[in-house]
Amino acid sequence: MNKKIAVIKGDGIGPEIVTEAMKVLDSVAEKYGHSFEYDQLLMGGCSIDANGVPLTDETIERCKSADAVLMGSIGGDTTTSPWYKLPPELRPEAGLLKIRKSLGLFANLRPSVLYPQLAGACPLKEEISAKGFDMLIMRELTGGLYFGEHKTEEVDGVMTAVDTLRYDENEIRRIAVKAFEVAMKRSRKVTSVDKANVLDSSRLWRRVVTEVSESYPEVELEHMLVDNCAMQLVKDPAQFDVMVTENMFGDILSDEASMITGSIGMLASASMNETKFGLYEPSGGSAPDIAGQNKANPIATILSAAMMLRYSFDMSEEADAVENAVNKALNSGYRTGDIMSEGMKTVSCSEMGSLIAQAID
Ligand code: NAD
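Residues numbered from 1 in each chain as written. Predicted model: local features only at pLDDT ≥ 70, side-chain atom pairs only at ≥ 80, totals over all residues. Heavy atoms only, no water.

Residue position: lysine 195 is located in the loop between strand S8 (189–194) and helix H7 (200–213). Excluding residues within four positions of it along the chain, lysine 195 makes contact with Ser202, Leu225, Val226, Asp227 and Phe249. (Helix = DSSP H or I, 4+ residues; strand = E, 2+ residues; numbered from the N terminus. Contact = heavy atoms within 4.5 Å.)

Right, here's the structure in full:
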């Protein structure tokens, strides 16, 4: 299969970690007879330096003409970098918001996996972490409280602020469909999280998700209230497969779920639109403190590339091969500095990428 991938390496550790993900993709292409063509594009601080803006319209158009986007991270040291002396709309992060909006990316997918080899980094009790977990949180990204009407005004002499939580059935339906489609490629369980005992938006959410579930009889659906879900995540994270929820609940729960893995360098993510198109990037930032030192952990970006294979290219076998290769490198005791523990072998970013690329079979 031929696929065109728009590649945005970005700033800080971005170029280092994306180079390793491309190394792994090249190995997949060679072993499985595919051809991946890369269109390398600028975004963030490097685009400000080259073009005066964090994201050009040309970059957006070239992303749209690709089959998927692979991204590193953007931004610099927010206290010392000259990029942060610019007005907010010209700073590196403005590029992130613009690209998500321009590409219509409404579903954010964040897997949270506890690798048995890294269980020591998990802050939960051993009896809980021993079971391991492998869940994927799907957060609605373009609606809800963050995009509703906001106003602050004086009412009868008292300062009053209002934020509006609004969803229509189409917004809920499209993310519910995405959640069930993704669950079909995983363990076929969807937990829909809401606050239906209090909020109208949640009651509509629950009704529409239930309707959508009727088209996916192979997938088990459960509904869970968000307060209970926050507790269940630390009590028994192994119960979850795909969790789908609205914007603000997802913002909070996905951070909670990533914390319990204990390691930012391992966290992949994807943002998708209604088609198979997606933007794939690690959850972490540009890590200016270790940039240019060949120390960063490339695994989150490599696992994001595996998600691209699975969800945008329908290459499940190839995605499994990448995930297995990551496991092999960890099983052989190789660790970058951020996941190092006693008795293991420290490797650089590029060594980790090569080890994983070689382990593809
Ligand atoms: P950060 O995620 O860059 O770094 C936090 C800590 O985690 C640092 O100690 C860093 O060294 C470490 N870390 C992150 N990724 C790592 C990896 N792959 N391997 C090893 N260690 C890793 O967060 P920050 O310091 O708050 O932000 C730095 C810059 O990144 C800022 O400009 C911020 O705006 C930007 N940022 C960008 C994105 C994105 O591109 N989507 C996301 C978050 C932050």
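Moving on from the model shown.
For the rest of this paragraph, the subject is the pairing of strand S7 (residues 158–163). Across a regular strand the side chains alternate sides, sitting on one face of the sheet and then on the other. Taken together, the 6 bridges between strand S6 (residues 150–155) and S7 define a ladder with antiparallel strand orientation. By the bridge assignment for S7, glutamate 154 is matched with methionine 159. Following S6, the chain reverses through 2 residues before pairing antiparallel with S7; aspartate 156 in that reversal takes a positive phi of roughly 50 degrees. (Pairing = 2+ DSSP bridges.)

If you look at the biggest cluster of nonpolar residues, it comprises 70 residues, and the most contacted ones within it are Phe36, Leu70, Leu109, Met138, Tyr280, Leu309 and Ile356. With 9 residues, the top contributor of residues to this core is helix H10 (residues 299–312). Among the domains, domain 1 (1–114 + 261–361) and domain 2 (123–258) are the pair contributing at least three residues each to this core. What methionine 138 contacts, discounting residues up to four positions off in sequence, is Ala107, Asn108, Leu109, Ile175, Lys178, Ala179, Val182, Met243, Val244 and Thr245. Core analysis: the next-biggest nonpolar cluster, separate from the first, contains 18 residues, Phe133, Leu233, Phe240 and Ala257 among them. (Core = buried A, V, L, I, M, F, W, Y, C linked by side-chain atoms within 4.5 Å. Buried < 20%, exposed > 50% of the residue type's maximum accessible area, 1.4 Å probe, protein only. Domains from an automatic or database assignment.)

To continue, consider the packing of aromatic side chains. One pass over the full model with this rule turns up 3 aromatic pairs. Ring centres 5.2 Å apart and planes at 15 degrees place the aromatic pair phenylalanine 180 and tyrosine 216 in the stacked group. Placement of the pair is phenylalanine 180 in helix H6 (residues 169–184) and tyrosine 216 in the loop between H7 and strand S9 (220–225), with a sequence separation of 36 residues. Residue classification places phenylalanine 180 among the buried positions, given a relative accessible area of 0%. (Phe/Tyr/Trp six-rings, centres within 6.5 Å; stacked < 30°, edge-to-face > 60°.)

Each domain of the chain was delimited in the assignment, giving domain 1 (1–114 + 261–361) and domain 2 (123–258). The C-alpha centroid of domain 2 is placed 25 Å from the C-alpha centroid of domain 1. Domain 1 puts 23 residues into the contact, and the matching count from domain 2 is 22 residues. Both sides of the domain 1 and domain 2 interface together cover about 2,000 Å² of buried area, and 56% of this is carbon and sulfur. Linking domain 1 with domain 2 are 2 salt bridges. Run the count over domain 1 and domain 2 and you get 14 residue pairs in polar contact (both at pLDDT 80 or more). Contributions of two or more residues to the side of domain 1 that touches domain 2 are made by strand S4 (107–114), strand S11 (268–272) and H10. Here the residues of the side of domain 1 that touches domain 2 are counted per class, giving 11 nonpolar, 7 polar and 5 charged. (Buried area = accessible area lost by both parts, 1.4 Å probe. Salt bridge = Lys/Arg side-chain N within 4 Å of Asp/Glu carboxyl O. Polar contact = N/O pair within 3.5 Å; in protein donor to acceptor, adjacent residues only side chain to side chain. Nonpolar A, V, L, I, M, F, W, Y, C, P; charged D, E, K, R; others polar.)

Below, the discussion takes up the sheet that holds strand S1 (residues 2–10). In sheet architecture, strand pairing relies on hydrogen bonds along the backbone and comes in two forms, parallel and antiparallel. Ordered by their spatial adjacency, 10 strands build an open sheet running S2-S1-S3-S12-S11-S4-S5-S10-S8-S9, and the pairing between neighbours is mixed. Each edge of the open sheet carries a strand with a single partner, namely strand S2 (35–41) and S9. Neighbour-to-neighbour, the strand axes of the sheet open up by a mean angle of 25 degrees, direction not taken into account. Bridging between S4 and S11 involves 3 bridges; their strand directions are antiparallel. In the strand pairing of S11, leucine 109 is matched with alanine 270. Across the sheet, helix H9 (residues 247–259) lies against S4, strand S5 (133–140), S8 and strand S10 (242–245), angled at about 155 degrees from S5, the strand it touches most. (Axes fitted to C-alpha atoms, helices over the stretch in contact; angles between N-to-C directions.)

A few words now on the site of the ligand. Taken together, 21 residues lie around the ligand, and Gly76, Glu93, Gly285, Ala287 and Asn297 are the ones closest in. Measuring from an oxygen atom of the ligand, one finds a side-chain N or O atom of glutamate 93 at 2.3 Å. The contact in question runs from an oxygen atom of the ligand to an N or O atom on the backbone of alanine 287, over 2.7 Å. Contact with the protein chains hides 69% of the accessible area of the ligand, taken as 810 Å² for the molecule alone. Its residues assigned to classes, the shell around the ligand comprises 9 nonpolar, 8 polar and 4 charged. (Near = heavy atom within 4 Å. Areas by Shrake-Rupley, 256 points an atom, 1.4 Å probe, with all protein chains shown as cover.)

One ladder, built from 7 bridges, connects S1 with S2; its direction is parallel. Looking across to S2, one finds that lysine 3 is bridged to phenylalanine 36. Read as a crossover between parallel neighbours, the route from S1 over helix H1 (residues 14–32) to S2 is right-handed. Relative to strand S3 (residues 68–73), S1 runs parallel, the two being bridged by 5 bridges. Across the sheet, residue alanine 6 finds its bridge partner in S3, namely valine 69. (Right-handed = clockwise from strand over helix to strand, strands pointing away.)

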